[in-house]
Amino acid sequence: VRWRGLPGWTASAMMDYVNDSSTGLQPVLDGIRNPSLSLVIILVGTNDIGSLTSSMVRSSSDAENAEDATTSAVDPILRLHRTCLDCKGDDGTKNIHTLAVGIPGSANASKLCTNMNQALQDSLDRVSYVDFPFSNERGDSKWSGDGLHLSEEGYENLGRGLAPCAKQILDRII
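It should be emphasised that the depicted structure is a prediction, and the values quoted were computed from it without experimental measurement.

Caption draft 1: Highlighting the state of the cysteines. All told, the structure shown has 0 disulfides when counted by the stated rule. Unpaired in terms of disulfides, Cys-165 finds its nearest cysteine sulfur in Cys-84, a separation of 15 Å.

Caption draft 2: Highlighting the pattern of salt bridges. Summed over all chains, the structure comprises 5 salt bridges. For Arg-79, the salt bridge identified is with Asp-75, shortest N-O distance 3.3 Å. Within this pair, Arg-79 and its partner Asp-75 are both found in helix α4 (residues 63-85), separated by 4 residues, close to a single helical turn. For Arg-79, a relative accessible area of 33% corresponds to the partly exposed category. When its relative accessible area of 35% is taken as the criterion, Asp-75 is described as partly exposed.

Caption draft 3: Examining the nonpolar core more closely. Counting residues in hydrophobic clusters, the biggest one holds 31 residues, and the most contacted among them are Val-44, Ile-49, Ile-77, Leu-80, Leu-112 and Met-116. It is α4 that contributes the most residues to this core, 8 residues altogether. With 13 residues, the next largest nonpolar core counts Leu-39, Phe-132, Leu-150 and Ile-169 among its residues.

Caption draft 4: The arrangement of unusual backbone geometry in detail. In this chain, Asn-34 is followed by Pro-35 through a cis amide linkage whose omega measures 0°. Looking at the secondary structure, you find Pro-35 in the loop between α2 (25-31) and β1 (39-42). At Asn-34, a position not held by glycine, the phi torsion is positive, near 55°. Look at Asn-34 and you get exposed, because its relative accessible area is 70%.

Caption draft 5: Fine view of the side chain of Asn-47. Within the secondary structure layout, Asn-47 lies in helix α3 (residues 46-58). Note on Asn-47: relative accessible area 18%, which makes it buried. Apart from the residues within four sequence positions on either side, Asn-47 is in contact with Gly-8, Trp-9, Thr-10, Leu-148 and His-149.

Caption draft 6: Quick look at the sheet that holds strand β2 (residues 97-101). Spatially, 3 strands are ordered β1-β2-β3 in an open sheet, and the strand pairing comes out parallel. The open sheet is flanked by β1 and β3 (127-130), the only strands paired with a single partner. Within the sheet, the average angular offset between the axes of one strand and its neighbour, ignoring direction, is 20°. As paired elements, β1 and β2 share 4 bridges and run parallel to each other. Note that in β2 the partner of Leu-39 across the bridge is His-97.

Caption draft 7: The environment of Thr-98, seen in detail. As for its position among the elements, Thr-98 is in strand β2. Residue Thr-98 is classed as buried on the basis of its relative accessible area, which comes to 0%. The sequence separation of Thr-98 and Gln-118 amounts to 20 residues, and the corresponding C-alpha distance is 16 Å. The contact partners of Thr-98, leaving out residues within four places of it in the chain, are Leu-39, Val-40, His-81, Cys-84, Leu-85, Arg-126, Val-127 and Ser-128. At 2.7 Å, the side chain of Thr-98 forms a polar contact with the side chain of His-81.

Caption draft 8: Quick peek at helix α5 (residues 110-121). Across its 12 residues, α5 extends 16 Å between first and last C-alpha, which sits within 8% of the 16 Å expected from 1.5 Å per residue. Along α5, the residues classified as buried are Leu-112, Cys-113, Met-116, Asn-117 and Leu-120. For α5, the buried positions fall inside an angular range of 130° around the axis, keeping them on one side.

Caption draft 9: Representation of the environment of Pro-7 within the structure. Relative to the helices and strands, Pro-7 is located in the segment before α1 (11-16). Under the relative-accessibility criterion, Pro-7 is labelled exposed at 68%. Spatially, the C-alpha atoms of Pro-7 and His-149 are 8.7 Å apart, while their sequence positions differ by 142 residues.

Thresholds, definitions, all that
- Residues numbered from 1 in each chain as written.
- Predicted model: local features only at pLDDT ≥ 70, side-chain atom pairs only at ≥ 80, totals over all residues.
- Heavy atoms only, no water.
- Disulfide = S-S within 2.5 Å.
- Salt bridge = Lys/Arg side-chain N within 4 Å of Asp/Glu carboxyl O.
- Helix = DSSP H or I, 4+ residues; strand = E, 2+ residues; numbered from the N terminus.
- Buried < 20%, exposed > 50% of the residue type's maximum accessible area, 1.4 Å probe, protein only.
- Core = buried A, V, L, I, M, F, W, Y, C linked by side-chain atoms within 4.5 Å.
- Contact = heavy atoms within 4.5 Å.
- Pairing = 2+ DSSP bridges.
- Axes fitted to C-alpha atoms, helices over the stretch in contact; angles between N-to-C directions.
- Polar contact = N/O pair within 3.5 Å; in protein donor to acceptor, adjacent residues only side chain to side chain.
- Expected span 1.5 Å × (residues − 1).
- Arc of directions from axis to C-beta.

Below you can see the structure in the form of structure tokens.
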């Protein structure tokens, strides 16, 4: 298991730096061999929602604006998944699968979260989707004081919540 966290980054920024040797996803994928990766778990989108909701407040919030926001937020997330799916393993084949973890709901953007999660579920082959394993309740000890980032307890719960899904995928593909 390898972990790469980029706190505060949006999916768009991650795609802008996808080939960067110190922060990019592509060098990480290329650097793992013998054995190469089978599954990449991607949890991204909360910072995108924060950025989008603040810009939506400044503009009109009609249905078209919400649809545009969903599309603009989901596109770079899907591109991160495609980066993984297009990566060749040790044998030269494209066998990596990805697990898209749903974006946890938020009182400020529950509709946008729902729309983004639905778009993720409908989008790619070799991508499994799982809802975020617990809700974002104000004052819950699984969340840090900012209500956006997980606490140590939250990360532990996240790992326990995702493990059965990851095992099921790996049992199916390995």
